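Analysis of the macromolecular model
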Amino acid sequence: MDCKKEALALMHKYLDDELTQKEERKLRGHLQACGQCQKHFHELKRTISLVQSSSQVSAPPDFTKKVMERLPKEKKRTNYSRWFRHHPFLTAAAVFFILMFGGVFSAWNDDQQVSVSKQDNLVIQNQVVIVPENVTVEGDLVVRNGDLRIEGLVNGDVTVINGEILEKENQDNPLDGDKYMAYVSGDVNEVNQVFEWMWYQVKKTVTNIFTLEEE
Amino acid sequence: METVIKQKIKQIKKGDHAAFEDVVTFYQNKVYQICFRMIGNKHEAEDLAQEAFIRAYTNIDRFDEKRKFSTWLYRIATNLTIDRIRKKKPDYFLDAEVKGTEGLNMYSQLAADQALPEEEVESLELQTYIHKEILALPPKYRSVIVLRFLDELSLQEIADVLEIPVGTVKTRIHRGREALRKRLRHV
Ligand SMILES: [Zn+2]
């Protein structure tokens, strides 16, 4: 048997617990005849027991505590949203004051120009915003200080502030008719009073806060 | 034990900190040992082991519950430690193999030639000496030796932890064992 190749390979196989009975007989036969390999084998076995005898190390006593302290904290978003959920009235009041000092009232009073969030392909006539029949608005549509007539389609929410949604001819109340709902895929809101406007802003602001926090 | 751990993992995925605390307590010594034996000093080992647990926590959603948790955890620990070793001593990682040295690299060849003076061996505690000899192995041999003989993982488990074929694990163990034999036979 070749000491360097075959015998050595068998020794390692033995140490990996992967020797067949036949191979074991072969190795034993060689070791009895070859002093060199016997020494080598002995050294290998001793090496392993030396390595294994080196004591098991333990983590420092406060290890778990330190890991727990380093864990990422609960995201702040959950803290905020929990607070808002538990204090709906305070939330509304707080946002109300923010908006008040932020000049929302003056915006309400001063800005009487008709404005619309999306201008593309929309027609504005005498304070009426018209979504023409062959036009589809992708996304939410907000109209301020004007009325809205939808002849085409709106793929999103519709909000009309200080104005109303005009009925098409031969159409019943647009807000609860099935026919009308077919034109707008999202929510329809009409906001005509200052208070409603406030509430709309509160909802929008709170939604924005949560949206921002979630990012 | 695996079933208990599996239960804990489910709780951790729901955000249960206490369940994670139990898992840390259960595995802390194993993970610390892997890091310590591979990096060599207590301070860095502690830092790496902590980091391994934190990574496990933050990535828990990516852990496949059909797998063995310990394998996944040890993989995080060994990868972090190997990364740290690489960053620490880039020149140390000379992996150019020298012909006829059974796969050990230039570094270990050089180190093997510098036999430790007799009196130094005697002055050092045997433990420390063995620890040093394991650390003198190139990291890829060191990791298999540590996992095999100190953590007593099976060849297949080591292959799973290091994401290498079992055949490669065997080769590395054989070479690591031979290298250690050369260094420890005088003890
Ligand atoms: Zn022989």
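Conventions and cut-offs
Residues numbered from 1 in each chain as written. Chains lettered and ligands numbered in written order. Predicted model: local features only at pLDDT ≥ 70, side-chain atom pairs only at ≥ 80, totals over all residues. Heavy atoms only, no water. pLDDT = per-residue confidence, 0-100. Contact = heavy atoms within 4.5 Å. Helix = DSSP H or I, 4+ residues; strand = E, 2+ residues; numbered from the N terminus. Donors = N, O, S within 2.8 Å, 3.2 Å for Na, K, Ca; no water. Tetrahedral: all angles 85-135°; square planar, octahedral: opposite > 155°, others 65-115°. Buried < 20%, exposed > 50% of the residue type's maximum accessible area, 1.4 Å probe, protein only. Buried area = accessible area lost by both parts, 1.4 Å probe. Salt bridge = Lys/Arg side-chain N within 4 Å of Asp/Glu carboxyl O. Polar contact = N/O pair within 3.5 Å; in protein donor to acceptor, adjacent residues only side chain to side chain. Axes fitted to C-alpha atoms, helices over the stretch in contact; angles between N-to-C directions. Parallel < 35°, antiparallel > 145°, perpendicular 65-115°, else oblique. Left-handed = near helix turned anticlockwise from the far one by under 90°. Nonpolar A, V, L, I, M, F, W, Y, C, P; charged D, E, K, R; others polar. Expected span 1.5 Å × (residues − 1). Patch = residues over 30% accessible without salt bridge, like charges linked within 9 Å, V, L, I, M, F, W, Y side chains within 5 Å. Areas by Shrake-Rupley, 256 points an atom, 1.4 Å probe, with all protein chains shown as cover. Pairing = 2+ DSSP bridges.

1. Notes on the confidence of the model for chain A
- When pLDDT is averaged along chain A, the result is 74, and 61% of the positions lie at 70 or above.
- This stretch, residues 170–182 of chain A, has a pLDDT under 50; its non-local contacts, to residues over four places away or in other chains, come to 17 contacts.

2. Concerning the side chain of Thr47(A)
- If you trace the backbone, Thr47(A) turns up in helix α3 (residues 35–53).
- Setting aside residues up to four positions removed in sequence, Thr47(A) forms contacts with Arg177(B), Leu180(B), Arg181(B) and Leu184(B).

3. Looking at the coordination of the zinc ion
All names here are of chain A.
- In the first shell of the zinc ion, the protein supplies Cys3 (SG), His30 (NE2), Cys34 (SG) and Cys37 (SG), at 2.1 to 2.3 Å from the metal.
- One can describe the donor arrangement at the zinc ion as tetrahedral, given that its four donor atoms subtend angles of 98 to 115° at the metal.
- In the primary sequence, the donor residues of the zinc ion line up as C-x26-H-x3-C-x2-C. Side by side, Cys34 and Cys37 carry an identical accessibility label, which is buried.

4. Describing the interface of chain A and chain B
- At the junction of the two partners, chain A supplies 31 residues and chain B supplies 41 residues.
- Interface area, chain A with chain B, both sides summed: about 3600 Å², of which 59% is carbon and sulfur.
- Its largest share of buried area at the contact with chain B, chain A owes to Val57(A), Phe63(A) and Arg70(A), together 18% of the area lost on that side.
- Applying the counting criterion to the chain A and chain B interface returns seven salt bridges.
- Note that Arg70(A) is salt-bridged to Glu51(B), the shortest N-O span being 2.8 Å.
- There are 16 residue pairs in polar contact (both at pLDDT 80 or more) connecting chain A and chain B.
- For the side of chain A that touches chain B, the secondary structure elements donating two or more residues are α1 (3–15), α3 and α4 (63–70) of chain A.

5. A word on the packing of helix α8 (residues 139–150) of chain B against helix α9 (residues 155–162) of chain B
Residues and elements named next belong to chain B.
- It is the contact of α8 with α9, at a shortest axis distance of 10 Å, that shows an interaxial angle of 135°. Comparing their axes, α9 and α8 come out oblique. Between α8 and α9 lies a crossing whose hand is right-handed. Across from Ser143, Val144, Leu147 and Arg148 in α8, the residues of α9 making contact are Leu155, Ile158, Val161 and Leu162.
- Residues of the contact of α8 with α9, tallied by class, amount to six nonpolar, one polar and one charged.

6. Remarks on the packing of α1(A) against helix α2 (residues 21–33) of chain A
All names here are of chain A.
- Taken N-terminus to C-terminus, the directions of α1 and α2 make an angle of 125°; their axes are 10 Å apart at the nearest point. Regarding the angle of α1 to α2, the classification is oblique. The element α1 and its partner α2 pack so that their crossing is left-handed. Counting all contacts with α1, which are made through Cys3, Glu6, Ala7, Leu10, Met11, Lys13 and Tyr14, the residues of α2 involved are Glu23, Lys26, Leu27, His30 and Leu31.
- For the contact of α1 with α2, the class distribution of residues is seven nonpolar, one polar and four charged.

7. Remarks on helix α3 (residues 42–58) of chain B
- For α3(B), built from 17 residues, the straight-helix expectation of 24 Å at 1.5 Å per residue is met to within 8% by its first-to-last C-alpha distance of 24 Å.
- Taken as a whole, α3(B) has its buried residues at Glu44(B), Ala45(B), Glu46(B), Leu48(B), Ala49(B), Gln50(B), Ala52(B), Phe53(B), Ile54(B), Ala56(B) and Tyr57(B).
- Those residues of α3(B) that are buried lie in contact with α4 of chain A together with α1 (2–13), α2 (17–39) and α4 (69–88) of chain B.
- With a side-chain oxygen lying 3.2 Å from the backbone nitrogen of His43(B), the N-terminal cap of α3(B) falls on Asn41(B).

8. Considerations on a nonpolar patch on the surface
Residue and element names in this part refer to chain B.
- On the surface, a nonpolar cluster with roughly 280 Å² of combined accessible area is contributed by Met1, Val4 and Phe26.
- Among the secondary structure elements, Phe26 is positioned in helix α2.
- You can call Phe26 partly exposed: its relative accessible area is 41%.

9. Quick look at the pairing of strand β8 (residues 158–161) of chain A
All names here are of chain A.
- Residues of β8 alternate between two faces, with Val158 and Val160 on one and Thr159 and Ile161 on the opposite face, all of them buried.
- Pairing between strand β5 (residues 141–144) and β8: four bridges, direction parallel. Bridge assignment links Val143 to a residue of β8, and that residue is Val160.

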